[in-house]
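Listed below, chain by chain, are the residues.
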Amino acid sequence: MRTLLWLLALFAVASGLAVAARYNTSYALFVWPPYRLQISMNLLVLLWVAAFAVMYGLIRFISRTLALPTAVAAFRAAKQRERAAAALRAAERLFMEGRFGQAYRNAEQAFEGGESRGLSALMAARSAHAMREPTRRRQWMDKASAYDADIRAARLMLEAEFAIADRRFDEAVMHLETLRAGGQRHIAALRLALQAEQARGRWEEVARLARQLRKYHALTAEQAAPLLRRALLEQLRDADGDLQNMQRVWAGIPEEERRDIGFLCRAVPHLIGAGADRDAAVAIEEALRRDWEPELAVLYGRCRSAELRDQLATAEGWLKQHPDDAGLLLTLGRLCLRGQLWGKAQSYFEASLSVSPSRAAHLELARLAEQLGRVTEAQQHFRTAAELGA
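These figures come from a predicted structure and were not determined experimentally.

Visitor: Just checking my understanding: could you explain the environment of Phe 169 for this structure?
Guide: Relative to the assigned elements, Phe 169 resides in helix 7 (residues 169-181). With near-sequence residues (within four places) excluded, Phe 169 lies in contact with Ala 163, Ile 164, Ala 196, Ala 199 and Arg 200.

What follows is the structure in structure tokens.
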């Protein structure tokens, strides 16, 4: 439809010009002595238009001819950029395929072609790292640093990753701190920080990072649990023998994490060893109130808190619900032993043995027999304990 309208308009203009030319009787006279040239005005106008068209075409031809080298150079540069961009894409694909040598060559080609030179240098560095070529990796990282205006965060992340792989954990933390100072606090950086702090043995920081990653759903509760458990146990182990430090660490552990039975079974011996028996006893009582765990019941007997009567009453209350628990009977015997209730202690130890023979119950009976002067009986229990231990 548009073409039809243009044709109609063109015919209308042509018709108008033909009518105007028909009634135009003007002429033009050119005098060049001794010559005189007279032509119609219509012809003169046509000659002017033709001359303009010829001059315009000539000028365009000359300008295009003169610009041809520049156009060819621009065309070649565009083609080179296209090849470089394709090489960078190929390098990324090949790296993910595990073809590191080809990825390195394509990244190098992309860098030389001027395509995203910072990213190309980083890709070449990653490929060199995958091929275990640290010298080349360092060279490419140095090249990448020249383009920090665009890729600084990416370069720092890669520097930290390489440092962790080379076990240069202090250097990795330094790069991550630089990244964090610039406002970059994303999950990938937190994961790298967690690895570095684990290797450095900074367990308080490990616990903080594990909680943060769990909060952001970067770690599931099941994944975070062993990390937190180890971090907290290492903190308790570092505080062994120091009651104040042990109580400070224990007070800093959230209630939710104290409820982890696996953690509690391993944490209580550290509390007892540092003299925080009351804290250990309270933790066990709260845990067993929620869910019964025989191992904790055994550890309860090792807690030498000042409230011995309260401990005995609590343990006897548990016995009503778990009368056949050998560990609980052993604990009651130990508590009675502390209270110098010799006969009651012996009966509890023997009851524990009747449920399940154990080395610990025989040793306790042997010590009790020694205190009461029954040497032969003590020796018999020591022999039996040794046999069970073997």
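Visitor: Explain the pairing of strand 1 (residues 27-32) here, please?
Guide: The side chains of a regular strand alternate, first on one face of the sheet and then on the other. Sheet topology note: the strand 1/strand 2 (residues 35-40) ladder contains six bridges and is antiparallel. In the sheet register, Trp 32 faces strand 2, and the bridge partner there is Tyr 35. Count of turn residues in the strand 1/strand 2 antiparallel hairpin: two residues.

Visitor: Looking at this model, I keep getting lost on the state of the cysteines. Mind explaining?
Guide: Here is the idea: a disulfide is a covalent bond, and it sits between the sulfur atoms of two cysteines. As enumerated under the stated definition, the model contains zero disulfides in all. Sulfur of Cys 336: no disulfide; nearest cysteine sulfur belongs to Cys 303 and is 15 Å away. On the basis of relative accessible area, Cys 336 is assigned to the buried category, the value being 0%.

Visitor: Help me out: how do you make sense of helix 16 (residues 308-321) in this one?
Guide: Each turn of an α-helix holds 3.6 residues, which means side chains three or four residues apart point in the same direction. With 14 residues, helix 16 should cover 20 Å at 1.5 Å per step; its first-to-last C-alpha distance of 21 Å lies within 8% of that length. Looking at the buried positions of helix 16, the neighbouring elements they touch are helix 14 (277-290), helix 15 (294-300), helix 17 (326-338) and helix 18 (342-355).

Conventions used here
All residue numbers here refer to positions counted from 1 along the written sequence of the relevant chain. Only residues with pLDDT of at least 70 are given local features in this predicted model, and only at 80 or more are side-chain atom pairs given and counted; all residues enter the totals for whole chains, interfaces and linings. For side-chain calculations, the full set of non-hydrogen atoms in the structure is used, while hydrogens and water are omitted. Helical segments are the DSSP runs of H or I of at least four residues, strand segments are the runs of E of at least two, and each set is numbered from the N terminus. Should any heavy atoms of two residues lie within 4.5 Å, those residues are counted as being in contact. The pairing criterion is simple: DSSP has to find at least two bridges between the two strands. Our working definition of a disulfide is a cysteine sulfur pair at a distance within 2.5 Å. The buried label goes to any residue with under 20% of its type's maximum accessible area, the exposed label to any with over 50%, and the partly exposed label to all in between, with areas taken from a 1.4 Å probe on protein chains only. Helix span, as expected, comes to 1.5 Å for every residue beyond the first.

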